[in-house]
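Understanding the architecture of this molecule
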Amino acid sequence: MINPFDGQGPTSPKYYANRKDLLGTFTKSVTAVVKSKGVTRPLNIGIMGRWGIGKTSTLYKFRDILENELNGGKVFSTMVSLKPACCEDADTFSATVLETIFTEYESSSGLSRKIKDFLNEEKNAIRNWKLSKLSLNPELERKQKSVSAVNFKETLLRLWKKLESNGVDLAIIMLDDIHYVLTQGKGEILFDLRTDMQALSAAGARFMFIITGPVTLYPEMRDKAEPFTRLFERFDLEPFDFDGTKELIEKPLAVEKIKLEVSDEVIRKIHEITAGHPYFITLAVRDLLNQKQEGRLSAKEFIESYPDLVDHFARIKFNDDYARATDAEKEVLRKLAASNKQEVAPNDIGGAAVTKFLERLVSKDLVLKIARGKYAVYNPLFKEYLRRKKA
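Overview of the structure. Bear in mind that the values here come from a model prediction, so they are computed numbers and not experimental data. One numbering rule holds for all chains: residues counted from 1, following each sequence as written. Local features in this predicted model are restricted to residues of pLDDT 70 or higher, and side-chain atom pairs are both shown and tallied only at a pLDDT of 80 or more, whereas totals for entire chains, interfaces and linings draw on every residue. Water and hydrogen atoms play no part in the side-chain values, which are based on all heavy atoms of the structure.

1. Remarks on the pairing of strand S4 (residues 207-213)
The cut-off we apply is this: Only protein chains enter the accessibility calculation, which uses a 1.4 Å probe; a residue is then buried when its area is under 20% of its type maximum, exposed when over 50%, and partly exposed in between. Every helix listed is a DSSP run of H or I at least four residues long, and every strand listed is a run of E at least two residues long, numbered separately from the N terminus. Strand pairing follows a simple DSSP-based rule, namely that at least 2 bridges must link the two strands.
The element S4 is extensively covered by neighbouring structure, given that seven of its seven residues are classed as buried. Burial along S4 is two-sided: the face carrying Phe-207, Phe-209, Ile-211 and Gly-213 and the face carrying Met-208, Ile-210 and Thr-212 are both buried. Note that strand S1 (residues 45-48) and S4 share four bridges and pair parallel. Across the sheet, Gly-46 pairs through a bridge with Ile-211, a residue of S4.

2. Re the layout of surface pockets
How we decide: A cavity here means a set of 1 Å grid points, computed over protein atoms only, where a 1.4 Å probe fits but cannot escape. A pocket is an open set with protein on both sides within 12 Å along at least 5 of 7 lines, and lining residues have an atom within 4 Å of a point. Grid points are joined across faces, edges and corners, and a volume is the space filled by probe spheres set on the points. Classes in brief: Ala, Val, Leu, Ile, Met, Phe, Trp, Tyr, Cys and Pro nonpolar; Asp, Glu, Lys and Arg charged; the others, Gly included, polar.
Space inside the largest pocket adds up to approximately 1,300 Å³. Lining the largest pocket are 46 residues; nearest its centre among them are Arg-50, Trp-51, Gly-52, Ile-53 and Lys-55. Only helix H2 (55-68), helix H12 (278-291), helix H15 (355-363) and strand S8 (367-371) provide two or more residues apiece to the lining of the largest pocket. Residues belonging to the lining of the largest pocket are distributed by class as follows: 19 nonpolar, 15 polar and twelve charged. One number sums up the size of the second largest pocket: a volume of about 590 Å³. Lining the second largest pocket are 25 residues, and of these Ala-275, Gln-342, Val-377, Asn-379 and Pro-380 sit closest to its centre.

3. Observations regarding empty space enclosed by the protein
Taken as a whole and judged by the stated rule, the model has one cavity of 30 Å³ or more. Roughly 40 Å³ of internal volume is contained in the largest cavity. Mapped by element, the contributors of at least two residues to the lining of the largest cavity are strand S6 (260-262) and H12. By residue number, the principal contributor to the lining of the largest cavity is H12, which donates three residues. Grouping the constituent residues of the lining of the largest cavity by class yields nine nonpolar, no polar and no charged.

4. Considerations on the sheet that holds strand S3 (residues 170-176)
Pairing between the strands of a sheet comes from backbone hydrogen bonds, and it takes one of two forms, parallel or antiparallel. The criterion, for reference: Axis definition: a line fit to C-alpha positions, over the contact stretch in the case of helices; interaxial angles, taken between N-to-C directions, run 0 to 180 degrees. By definition, residues are in contact when any of their heavy atoms lie within 4.5 Å.
In spatial order, the strands read S2-S3-S4-S1-S5; together these five strands make up an open sheet with parallel pairing. Only two strands of the sheet have a single neighbouring strand rather than two, namely strand S2 (75-81) and strand S5 (233-236). When strand polarity is set aside, the average angle formed by the axes of neighbouring strands in this sheet is 15°. Where S2 meets S3, seven bridges bridge the pair, whose relative direction is parallel. What sits directly across from Val-75, in S3, is Leu-170. Here helix H6 (residues 152-165) sits on the sheet in contact with S2, S3 and S4, set at roughly 135° to S3.

5. Observations regarding the packing of aromatic side chains
Formally: To pair, rings of Phe, Tyr and Trp, with the six-membered ring standing in for Trp, must have centres within 6.5 Å; the planes then decide the type, stacked if under 30 degrees apart, edge-to-face if over 60, and tilted in the middle.
All told, the structure shown has 18 aromatic pairs when counted by the stated rule. Ring centres 3.9 Å apart and planes at 10° place the aromatic pair Phe-26 and Phe-62 in the stacked group. With a gap of 36 residues between them, Phe-26 in helix H1 (residues 20-36) and Phe-62 in helix H2 connect regions that are remote in the sequence. Here the two residues Phe-26 and Phe-62 agree in accessibility, since each one is buried. Ring geometry for Phe-228 and Phe-232: centres 4.9 Å apart, planes at 55°, overall tilted.

6. Description of the pattern of salt bridges
Where charged atoms from two side chains of opposite charge come close, those side chains can pair. Operational definition: Salt bridges are defined by distance alone: a side-chain nitrogen of Lys or Arg within 4 Å of a carboxyl oxygen of Asp or Glu.
Tallying each qualifying case throughout the model produces 21 salt bridges. Its salt-bridge partner being Arg-388, residue Asp-311 comes within 2.9 Å of it at the nearest N-O pair. Of this pair, Asp-311 sits in helix H13 (residues 299-323) while Arg-388 sits in helix H16 (residues 380-390), and the two are 77 residues apart along the sequence. Residue Asp-311 is classed as partly exposed on the basis of its relative accessible area, which comes to 37%. Overall, the relative accessible area of 34% leaves Arg-388 in the partly exposed class. In this structure, the salt-bridge partner of Lys-335 is Glu-331, at a minimum N-O distance of 3.6 Å.

7. What to know about the environment of Ile-249
One can find Ile-249 in helix H10 (residues 242-255). Classification of Ile-249 by relative accessible area gives buried; the value is 0%. Through-space distance from the C-alpha of Ile-249 to that of Trp-129 is 48 Å; in sequence the pair is 120 residues apart. Non-local contacts of Ile-249, meaning those with residues more than four positions away in its chain, are made with Phe-5, Val-262, Ile-267, Ile-270, Ile-281 and Val-285.

Written out as structure tokens, the structure is:
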């Protein structure tokens, strides 16, 4: 049985749907830099969105465009998946990014011996820094200035010179989940990165930086590293409209030649219960395809499968979501779910006293703040789950 719908990881580039403005902006910028030989400067891009909305999938799609759709030019790209441990200080952040770059570039074909030797030297320098850092206790580390040996800008500048000598027109560095810099309380890393990005550009090095993070990232960056935000063209990934949902469902079926017809009526129902969220669309269609591989999926069959979808989503996500809420927050969630209104004000479910709980739920991604003083459960399926919990 073939089932290309996978909700456990990024979407394969060949199934990637929608986001035409973002993909077009990226492609045009890369093409302009390549054709102008750097006269047109690279456009840095910030991709913001909630979990599961497709940020990481977009980075993989970017790399696919570079490999399969770029006409002419030579572009090097690397994707760094950041974690909290990578952002504990500026040197660790720099070392993580640089080591990923060198490892990926080293695996590229057609490298000269000089470039390979350069990569080995730089990687060894980073490894030696890591070993020296591990060997020092915190007190000694503060006294040992030699430990702060990772010069991000100078190392990237040396790398660019090697890349340029090997015929590379542009280098793209993608930093996935850059919000971990702020959650670790290290906003100064963004100040340093901004300074280095500007210095690299002034030196003629052609680097494009792409960052991803949650929708709350920009307000936080403005508070802690405001100048950094000005370096990026911001794109907010929103849930799909009906056409986007339709493409996400039909594209994998067409690519894999699966002979299952999904009517617009069924697609509309899927769109309604998932609110156009790519993660939930993918999981819903995966479950439906496991039940039926060919023929026509009727609205009646979909409606009959709906309780099973909610049960499955409860097992893989909603139970954990609900457990993250305190008892008081759970009560607010149940009141939100019980309301027949699409958008609920605090006065509808208990008055101003619940506002603080609603804001906490927003920060936990369990509730959406639609507008000033208006809230909603983050997904219709989760709302149905909560209604069952009340029962």
